[in-house]
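This is what each chain is made of:
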Amino acid sequence: MVRKIDEDLIAEIDLHENAVYVVCDGQLKVVDPPPTGYGKQEISWQKGMPTHSEIKYTQKF
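What this report covers is the structure whose coordinates are included nearby.

1. Some points on the overall build of the chain
Part 1: Across its full length, the chain holds zero helices and four strands.
Part 2: The linear arrangement of helices and strands in the chain, starting from the amino end, is β-β-β-β.
Part 3: By the compact-globule yardstick of 10 Å for 61 residues, the chain is too spread out, its C-alpha radius of gyration being 15 Å.
Part 4: Counting only C-alpha atoms, the chain reaches 55 × 30 × 20 Å along its principal axes.
Part 5: For the chain, the proportion of its 61 residues judged to be buried stands at 8%.
Part 6: Long-range contacts, defined here as pairs at least 24 residues apart, represent 8% of the contacts in the chain between residues at least 6 apart.
Part 7: Of note, the chain has its 7 positive side-chain charges centred 10 Å away from the centre of its 10 negative side-chain charges.

2. What about the layout of surface pockets?
Remark: the empty space left among the atoms is shown by a probe the size of a water molecule rolled over them.
Part 1: Roughly 160 Å³ of volume is contained in the largest pocket.
Part 2: If you trace the largest pocket, you find it lined by Val22, Cys24, Lys29, Val30, Val31, Ile43, Pro50, Thr51, His52 and Ser53.
Part 3: Class assignment of the residues belonging to the lining of the largest pocket gives a composition of six nonpolar, three polar and one charged.

3. Regarding the environment of Lys40
Part 1: Looking at the element boundaries, Lys40 is found in strand E3 (residues 39-46).
Part 2: Once residues lying within four places of it in the same chain are set aside, the contact partners of Lys40 are Pro34, Glu54, Ile55 and Lys56.

4. A look at unusual backbone geometry
Part 1: The phi angle at Asp25 is positive, at roughly 55 degrees, despite the residue not being glycine.
Part 2: Here Asp25 falls in the exposed class, since its relative accessible area comes to 66%.
Part 3: With phi around 55 degrees, Lys47 is a residue other than glycine that occupies positive phi space.
Part 4: With respect to the helices and strands, the residue Lys47 is situated in the loop between E3 and strand E4 (49-57).
Part 5: Judged by relative accessible area, Lys47 falls into the exposed class, the value being 83%.

Procedures and definitions
- Residues numbered from 1 in each chain as written.
- Predicted model: local features only at pLDDT ≥ 70, side-chain atom pairs only at ≥ 80, totals over all residues.
- Heavy atoms only, no water.
- Helix = DSSP H or I, 4+ residues; strand = E, 2+ residues; numbered from the N terminus.
- Rg over C-alpha atoms; globule rule 2.2 N^0.38 Å.
- Buried < 20%, exposed > 50% of the residue type's maximum accessible area, 1.4 Å probe, protein only.
- Contact = heavy atoms within 4.5 Å.
- Lys, Arg positive; Asp, Glu negative; His and termini not counted.
- Charge placed at Lys NZ, Arg CZ, Asp CG, Glu CD.
- 1 Å grid on protein atoms, 1.4 Å probe; cavity = no way out; pocket = protein on both sides within 12 Å on 5 of 7 lines; lining within 4 Å.
- Points joined across faces, edges and corners; volume = space filled by probe spheres on them.
- Nonpolar A, V, L, I, M, F, W, Y, C, P; charged D, E, K, R; others polar.

So this is what it looks like as structure tokens:
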């Protein structure tokens with residue numbers, strides 16, 4: 001299968017940056033990391049599309 005590439009839908013990311021990305025409606029979005037640096041991110045999907053993320057974090061003492 002040959003796909004036509006739409007130049008407007010090409011994005012570049014910095015591979016030196018630790019991050020989680022989601023592509024939604026043709027846009028690349030960065031998922032916010034846990035504020036303390038420890039935790040997890042959950043992405044919810046509906047009808048085959050990501051709809052929102054839930055960020056849970058752990059506070060170390």
